[in-house]
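# Structural overview
Given next are the chains, with one letter for each unit.
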Amino acid sequence: MIAVTGTTGKLGTLVLERLLKMIPSTQLVAIARTPEKAAHLAARGVQVRHGDYSVPDTLVPALTGVKRLLLISGNDLGQRVAQHRAVIDAAKAAGVEFIAYTSVLRADASSLPVATEHLETEKLLRKSGIPFVMLRNGWYVENYTENLASPLAHGGFLGAAKTGRIAAATRADYADAAAAVLTTEGHAGKVYELAGDQAFTMADLAREASIWAGRSLAYRDVSADEYRQALAQSGMPTPFVDFFVTTDLSIVKGELDDQSHDLHRLIGRNTTSLREVFARLPKSV
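Cut-offs and rules
Residues numbered from 1 in each chain as written. Predicted model: local features only at pLDDT ≥ 70, side-chain atom pairs only at ≥ 80, totals over all residues. Heavy atoms only, no water. Pairing = 2+ DSSP bridges. Helix = DSSP H or I, 4+ residues; strand = E, 2+ residues; numbered from the N terminus. Axes fitted to C-alpha atoms, helices over the stretch in contact; angles between N-to-C directions. Contact = heavy atoms within 4.5 Å. Phe/Tyr/Trp six-rings, centres within 6.5 Å; stacked < 30°, edge-to-face > 60°. Buried < 20%, exposed > 50% of the residue type's maximum accessible area, 1.4 Å probe, protein only. Arc of directions from axis to C-beta. Core = buried A, V, L, I, M, F, W, Y, C linked by side-chain atoms within 4.5 Å. Parallel < 35°, antiparallel > 145°, perpendicular 65-115°, else oblique. Left-handed = near helix turned anticlockwise from the far one by under 90°.

What follows concerns the sheet that holds strand E6 (residues 132-137). The parallel open sheet is built from 7 strands, whose spatial order is E3-E2-E1-E4-E5-E6-E8. Taken across any chain shown, the strands that pair with only one partner, and hence form the sheet edges, are strand E3 (47-50) and strand E8 (191-194). Direction aside, neighbouring strands of the sheet carry axes that sit 20° apart on average. Across 6 bridges, the pairing between strand E5 (residues 98-104) and E6 is parallel. Paired with isoleucine 99 across the two strands is phenylalanine 132, which belongs to E6. Set on the sheet, helix H1 (residues 10-20) makes contact with strand E1 (2-4), strand E2 (28-32), strand E4 (68-71), E5 and E6; between it and E1 the angle comes to about 155°. Across the sheet, helix H8 (residues 171-183) is in contact with E1, E4, E5, E6 and E8; its angle to E4 comes to roughly 155°.

Scanning the entire structure with this criterion turns up 5 aromatic pairs. When the ring of tryptophan 212 is compared with that of phenylalanine 278, the centres are 5.9 Å apart and the planes differ by 45°; the resulting orientation is tilted. Remark: phenylalanine 278 occurs in helix H13 (residues 274-280) and tryptophan 212 occurs in helix H9 (residues 202-213); sequence separation between them is 66 residues. Taking relative accessible area as the criterion, tryptophan 212 reaches 5% and is therefore assigned buried. Here phenylalanine 278 falls in the buried class, since its relative accessible area comes to 3%. Each ring, one from phenylalanine 243 and one from phenylalanine 244, has its centre 5.6 Å from the other, and the planes form 80°; the classification is edge-to-face. Here the aromatic residues Trp139, Phe243 and Phe244 are joined through ring pairs into a cluster of three or more.

It is worth spelling out the side chain of threonine 5 at this point. Structurally, threonine 5 is set in the loop between E1 and H1. Setting aside residues up to four positions removed in sequence, threonine 5 forms contacts with Ile31, Tyr53, Leu69, Leu70, Leu71 and Ile72.

On to unusual backbone geometry. At arginine 106, a position not held by glycine, the phi torsion is positive, near 45°. The residue arginine 106 is located in the loop between E5 and helix H5 (115-128) in this model. Overall, arginine 106 belongs to the partly exposed group, its relative accessible area being 24%. Unusually for a residue other than glycine, histidine 261 sits at a positive phi of about 60°. Its place among the elements puts histidine 261 in the loop between helix H11 (238-252) and helix H12 (262-267).

Take H1 next. Where H1 is concerned, the buried positions are Leu11, Gly12, Val15, Leu16, Leu19 and Leu20. Viewed along the axis of H1, the buried residues span an arc of 165°, placing them on a single side of the element.

Val15, Leu19, Leu28, Leu70, Ala100, Leu135 and Leu194 are the most contacted members of the largest nonpolar core, which totals 33 residues. Broken down by secondary-structure element, the contributors of at least two residues to this core are E1, H1, E2, E5, E6, H8, E8 and H12. Ranked by residue count, the leading element in this core is H8, at 7 residues. Excluding its chain neighbours within four sequence positions, the residues that come into contact with alanine 100 are Leu69, Leu70, Leu71, Val133, Leu135, Val181 and Leu182. Within the second largest apolar cluster, 27 residues are counted, among which are Val114, Ile166, Ala168 and Ala209.

With that settled, the discussion passes to the packing of helix H4 (residues 80-94) against H5. One way to put it is that H4 packs onto H5 with a least axis distance of 9 Å and a crossing angle of 20°. Taken as axis vectors, H4 and H5 run roughly parallel relative to one another. The crossing of H4 and H5 is right-handed. Of H5, the residues touching H4 (which contributes Arg80, Val81, His84, Arg85, Ile88 and Lys92) are Glu117, His118, Glu120, Thr121, Leu124, Leu125 and Ser128.

Here it is, written out as structure tokens:
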């Protein structure tokens, strides 16, 4: 029995869809904070169970009978370590034999704002005694391509990433990797640094976006202070301003670039290129 948490989220949905093509639906458990949102999975034979990271009493029942678990990291920044600890403790109590965790690229060395909670969760897993695999996901291409309204409105992209390279991949690529480690052997104790085959700069992103849009969309690089000021003036809340600025500074340091090709090997194919992503996008967003 394989269980996936966060199954109504974007990554969880893709993982379940991939698993449904690989194993019988009766061997799958979809754990959701709001089970009603996963009714479409229940209709396909998947066991849908209520499990809320913030309500520990829901977690042991959700994991009963499960042998392999994909723990997709939560979205509540500042709360995730406690939430993940609750899932790991429940997994141990329920007899789960293997946990795959979606961490972040080079969590042990990254200055990304999200890295601290991921690293703390990795430490909890190592101490748990449960066999694990760390899926250290790099940046998602969709972080840029799902938010094109602003570049289109302003004629381009603004940032402080300089010529830093971003080895991004699509959610579908990362979902395929998760499905692979859940359904094959030999991954226990491994740490996979997952990233796209073809890294790109923000200028590369702007060029591909221009081809897609049929008009010029430039990338304007500014200092971190100028970027912070521009984001604040747009009305963005301070925590998000800090997140975007710090992320660009991490890109400058090369923290979102990676040439390990672990993702390529796990999924057995090339990762989806930036050009392919834009080719699949509708012309209006």
